[in-house]
Amino acid sequence: MNDLSPETLPTGTVLGALQVDGRAGYGTYGVVYRAHKSGQTEAQPVALKLARYPNDPRFEREAGLLARIQHPGVPRLLGRGTWKGGPRGDTHPCEPTGG
């Protein structure tokens, strides 16, 4: 999996307990994928955000903010973790969110 980059994960890629359904969008420092719990195709979909750059501290700040906010218009943070990828096997922060 080390040859995959955060911007180009193919549908079906499994990261931890989540399986990627497709890319939903990307921004300056993150890429967002639609995903579901691996092995549970009928499960509630989640948004999985991956940092485009290894060890990006902006993700830690964002996760801290999402953990404190409870509003119907803001996705709920379901967890946070890391993923190793890219040509050097760098560690990229990731965070799944859901409704």
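Residues numbered from 1 in each chain as written. Predicted model: local features only at pLDDT ≥ 70, side-chain atom pairs only at ≥ 80, totals over all residues. Heavy atoms only, no water.

A. The arrangement of the overall build of the protein in detail. When its secondary structure is counted, the protein shows 1 helix and 7 strands. Along the chain direction, N to C, the helices and strands of the protein fall in the order β-β-β-β-α-β-β-β. Computed over its C-alpha atoms, the radius of gyration of the protein comes to 13 Å, within 12% of the 13 Å expected for a compact globule of 99 residues. Counting only C-alpha atoms, the protein reaches 40 × 35 × 20 Å along its principal axes. In the protein, which comprises 99 residues, the share counted as buried stands at 38%. A separation threshold of at least 6 residues defines the contact pool for the protein, and within that pool the share at least 24 residues apart is 40%. In the protein, 12 positive and 9 negative side-chain charges are present, and the distance between their average locations comes to 5 Å. (Helix = DSSP H or I, 4+ residues; strand = E, 2+ residues; numbered from the N terminus. Rg over C-alpha atoms; globule rule 2.2 N^0.38 Å. Buried < 20%, exposed > 50% of the residue type's maximum accessible area, 1.4 Å probe, protein only. Contact = heavy atoms within 4.5 Å. Lys, Arg positive; Asp, Glu negative; His and termini not counted. Charge placed at Lys NZ, Arg CZ, Asp CG, Glu CD.)

B. Representation of the side chain of aspartate 56 in the model. Residue placement: aspartate 56 occurs in the loop between strand S4 (46–51) and helix H1 (57–68). Within polar-contact distance, the side chain of aspartate 56 engages the side chain of arginine 58 at 2.8 Å. With near-sequence residues (within four places) excluded, aspartate 56 lies in contact with Tyr29, Ala51 and Pro93. (Polar contact = N/O pair within 3.5 Å; in protein donor to acceptor, adjacent residues only side chain to side chain.)

C. Local environment of the environment of threonine 91. Tracing the chain through its elements places threonine 91 in strand S7 (residues 90–98). Sequence separation between threonine 91 and glycine 81 is 10 residues; the distance between their C-alpha atoms is 9.8 Å. Beyond its immediate chain neighbours, meaning those up to four positions away, threonine 91 contacts Pro54, Asn55, Thr82, Trp83 and Lys84. Here the side chain of threonine 91 touches lysine 84 through a polar contact of 2.9 Å, side chain to side chain.

D. Layout of the packing of aromatic side chains. Per the counting criterion, the structure on display carries 1 aromatic pair. With a centroid separation of 5.7 Å and an interplanar angle of 85°, the aromatic rings of tyrosine 29 and phenylalanine 59 are classed as edge-to-face. Placement of tyrosine 29 in the loop between strand S2 (18–26) and strand S3 (30–37) and of phenylalanine 59 in helix H1 is noted, with a sequence separation of 30 residues between them. (Phe/Tyr/Trp six-rings, centres within 6.5 Å; stacked < 30°, edge-to-face > 60°.)

E. Summary view of the pairing of S2. Looking at chain direction, strand S1 (residues 14–15) and S2 are connected through 2 bridges and run antiparallel. Note on S2: the bridge partner recorded for leucine 15 is leucine 18. Of the pairings in the sheet, the one linking S2 to S3 comprises 7 bridges and is antiparallel in character. Of the residues in S3, the one forming a bridge with leucine 18 is lysine 37. Remark: 3 residues form the turn of the hairpin made by S2 and S3, two consecutive strands paired antiparallel. (Pairing = 2+ DSSP bridges.)

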